[in-house]
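If you want the building blocks of each chain, they are given just below.
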Amino acid sequence: MQKKILVATGGGDCPGLNAVIRGIVKRAAQEKDWQVYGCIESFNGILKDNIEIIELTERTVSGLHIKGGTIIKTTNRGGPFHFPVKQSDGSWITEDRSELMKKRLENMGIDAVINIGGDGSQRISLQLASMGIKVVGVPKTIDNDLSSTDFTFGFQTAVQIATEAFDKLVTTAESHNRIFIMEVMGRDAGWIALHTAIAGGAEVCLIPEIAYDPYKILERIESRYKHGEGFCNIVIAEGAKALDGQITGAAPSSIGDEHVKLGGVGYKLQQELKALAVEHDIRVTVLGHLQRGGTPTAYDRILATAFGVKAFELVKEKQFNSMVIYRHPHISSVPIKQAIAKPNLIEPDKNYFVHAAKSIGISFGD
Ligand code: F6P
């Protein structure tokens, strides 16, 4: 009798999602008695009034390792416990459709679910597991903020994209004697900013884990200019904040939205520096979703493929309620509960890359 797996991708998209899907399907195809299905738009595909689920075959996933995004779509709104439903008056409410999901999984004969996603998605995995649904998690986020794993796929690609953008800003900053501020993603964790600052040769790197003092940034800027000539490049994570400051963003605008929408901290810093009478021209570039799109780097394709293979093997070995991890040199797993117990933040006093960055003159505004 055929056994069935349902795969979902949840949260923001991330380079490498398709490579994970391909890894699962190709590994499952080695076994002959497994069928893999994709749930469209995270779990919405099985929660909607009209179910949207597709069969994933070796043919469907052929060549997917190089493709960005996710062929089964994703969302960072809602989920089985807070499914958004539009009312006849146009307003929205959220409904708990988790029991409906469980019933539908049983009716379809689904043996296990593989949920590929970040911390929000893995919290859903844990809740589903507590209802008796057999779940395996795969960690995904460009922010690299999930602990238990050395890296999440998508992170290296985001750093590569950010570094290439930064390199371009450096040459124009130099030509114009300007200060450039480049805002990158990184909601709670500054990994993208830290790695980009080192790879790109920034003068200043601002991360959520270190509240910055604008006066310290001013000092570093002034050290770069002589007789009005010089330039300075700053990378700032979207979740960074000044001492006693607030994060910069807008409250969730749609029902079921997972997070505050961050953005604009680069412009805020520009104002803070102008308020300190910085006379040099200051320009801001917000990299935004460019960091999440396009083809994954070779590293991320490899990591994502291995994660997909491991996810299938955990299902086959009935090691449910676990999440795939990478702890060099091993791909293994931990209980999902452990995986989401705390976020993977930079520990400034312990992290060698912070030390290395400071040692070559990169200021963290502290
Ligand atoms: O979690 C990854 C992330 O890239 C965050 O850094 C960012 O704040 C968020 O996604 C933005 O997601 P979206 O614009 O899709 O809501």
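It should be emphasised that the depicted structure is a prediction, and the values quoted were computed from it without experimental measurement.

J.: Honestly, the overall build of the protein chain in this entry has me stumped. Any pointers?
T.: If you tally the helices and strands in the protein chain, you get 12 helices and 15 strands. Against the compact-globule benchmark of 21 Å for 366 residues, the protein chain has a radius of gyration of 22 Å, which places it among compact chains. Total accessible area on the protein chain stands at roughly 16,200 Å², and carbon and sulfur atoms take up 50% of it. Of the charged side chains in the protein chain, 41 are positive and 42 negative; the average position of the first set lies 6 Å away from that of the second.

J.: Help me understand the site of the ligand, please; the structure alone is not making it clear to me.
T.: As a structural note, the neighbourhood of the ligand is formed by Asn-76, Ile-142, Asp-143, Met-185, Gly-186, Arg-187, Glu-238, Lys-261, His-289 and Arg-292. Gly-186 is positioned with one of its backbone polar atoms (N or O) 3.5 Å from an oxygen atom of the ligand. In this structure, an oxygen atom belonging to the ligand sits 2.9 Å away from a side-chain N or O atom of Arg-292. When isolated, the ligand has an accessible area of 400 Å², and the protein chains bury 81% of it. Broken down by class, the residue content of the shell around the ligand amounts to 2 nonpolar, 3 polar and 5 charged. Of the residues that make up the shell around the ligand, three or more belong to each of domain 1 (3–153 + 294–339) and domain 2 (157–293 + 347–359).

J.: Looking at this model, I keep getting lost on the sheet that holds strand 8 (residues 179–184). Mind explaining?
T.: Judged by pairing direction, the sheet is parallel, and its 4 strands sit side by side in the order 9-10-8-13 without closing on themselves. Since the sheet does not close on itself, it has two edges, and those belong to strand 9 (204–206) and strand 13 (282–286), each with one partner. Adjacent strand axes in the sheet meet at a mean angle of 15° when their direction is disregarded. In the packing of helix 8 (residues 214–224) onto the sheet, contacts are made with strand 8, strand 9 and strand 10 (232–237), and the angle to strand 10 comes to roughly 155°.

J.: Would you explain the pattern of salt bridges in this entry?
T.: Pairing between side chains of opposite charge can happen when the charged atoms of each approach one another. The tally for this structure, following the rule as stated, stands at 15 salt bridges. Close ionic contact of Lys-316 with Glu-31 constitutes a salt bridge, the shortest N to O distance being 3.6 Å. With a gap of 285 residues between them, Lys-316 in helix 10 (residues 298–316) and Glu-31 in the loop between helix 1 (17–29) and strand 2 (34–39) connect regions that are remote in the sequence. When its relative accessible area of 39% is taken as the criterion, Lys-316 is described as partly exposed. As a salt-bridge pair, Lys-350 and Glu-347 come within 3.3 Å of each other at their nearest N and O atoms.

J.: Looking at this structure, I do not really get unusual backbone geometry. What am I missing?
T.: Leave glycine aside and you will find that most residues have negative phi; peptide bonds, for their part, are mostly trans. Omega for the bond connecting His-328 with Pro-329 falls within 30 degrees of zero, at 5°, which places this linkage in the cis form. Relative to the helices and strands, Pro-329 is located in the loop between strand 14 (322–327) and strand 15 (330–335). The phi dihedral of Asn-144 is positive, around 60°, even though this residue is not glycine. When you line up the elements, Asn-144 lands in the loop between strand 7 (135–139) and helix 6 (155–176). You can call Asn-144 buried: its relative accessible area is 1%.

J.: Whenever I open this one, the domain arrangement of the protein chain confuses me. Can you help?
T.: In many reports, interface size means the accessible area that the parts give up when they come together. Each assigned domain of the protein chain is listed here: domain 1 (3–153 + 294–339) and domain 2 (157–293 + 347–359). If you average the C-alpha positions of domain 1 and of domain 2, the two centres end up 32 Å apart. Every contact between the two is made by 21 residues of domain 1 and, on the other side, 18 residues of domain 2. Both faces considered, domain 1 and domain 2 share a buried interface measuring about 1,700 Å² in area, 53% of it formed by carbon and sulfur atoms. The interface formed by domain 1 and domain 2 includes 1 salt bridge.

J.: Quick question: what am I supposed to make of the environment of Glu-52 here?
T.: As for its placement among the helices and strands, Glu-52 is situated in the loop between helix 2 (44–47) and strand 3 (53–56). Each C-alpha atom, one on Glu-52 and one on Thr-149, is 32 Å from the other, the two residues being 97 residues apart in sequence. Contacts of Glu-52, omitting those with residues within four sequence positions, involve Gly-38, Cys-39, Ile-40 and Gly-45. Among the polar contacts listed, one links the side chain of Glu-52 to the side chain of Lys-48, at a separation of 2.6 Å.

J.: Would you mind showing me how to read the side chain of Thr-75 here?
T.: In this fold, Thr-75 is placed in the loop between helix 3 (58–61) and strand 4 (83–86). In this structure the side chain of Thr-75 is engaged in a polar contact, spanning 3.1 Å, whose partner is the backbone nitrogen of Arg-77. Those residues in contact with Thr-75 that sit more than four places away from it in its chain are Gly-10, Gly-11, Glu-41, Ser-42 and Asn-44.

Criteria and cut-off values
- Here the residue numbers are simple positions, counted from 1 along each chain's written sequence.
- Where local features are concerned, this predicted model is filtered to residues with pLDDT of at least 70; where side-chain atom pairs are given and counted, the filter is 80 or more; whole-chain, interface and lining totals use all residues.
- As a convention, hydrogens and water are excluded, and side-chain values are obtained from all of the structure's heavy atoms.
- Secondary structure follows DSSP: runs of H or I at least 4 residues long count as helices, runs of E at least 2 residues long count as strands, and numbering of each begins at the N terminus.
- We compute the radius of gyration from the C-alpha atoms alone; for a globule the expected value is 2.2 Å times N to the 0.38, where N is the number of residues.
- We get accessible surface area from the Shrake-Rupley algorithm with a probe of 1.4 Å; when it comes to residues, only the shown protein chains can shield them.
- By the counting scheme adopted, Arg and Lys are positive, Glu and Asp are negative, and His together with the chain ends is not counted.
- One atom stands in for each charge, and that atom is NZ of Lys, CZ of Arg, CG of Asp or CD of Glu.
- Consider each residue's heavy atoms; a residue with any of them within 4 Å of a molecule or strand counts as near.
- Pairs of N or O atoms within 3.5 Å make up the polar contacts considered here, provided that, within protein, one atom can donate a hydrogen while the other can accept it, and that residues adjacent in sequence are counted only when both atoms are side-chain atoms.
- Throughout this entry, Asp, Glu, Lys and Arg are counted as charged residues, while Ala, Val, Leu, Ile, Met, Phe, Trp, Tyr, Cys and Pro are counted as nonpolar. The remaining residues, Gly among them, count as polar.
- Boundaries between domains were set according to an automatic or database domain assignment.
- A strand pair is defined by DSSP finding two or more bridges across the two strands.
- Note on geometry: axes are C-alpha line fits, over the in-contact stretch for helices, and angles between N-to-C directions span 0 to 180 degrees.
- Throughout, a residue-residue contact means that at least one pair of heavy atoms, one from each residue, lies within 4.5 Å.
- We define a salt bridge as a side-chain nitrogen of Lys or Arg found within 4 Å of a carboxyl oxygen belonging to Asp or Glu.
- The classification of residues rests on relative accessible area computed with a 1.4 Å probe and restricted to protein chains. Under 20% of the type maximum is buried, over 50% is exposed, and intermediate values are partly exposed.
- Take the accessible area each of two parts loses on contact, using a 1.4 Å probe, and add the two losses: that sum is the buried area.

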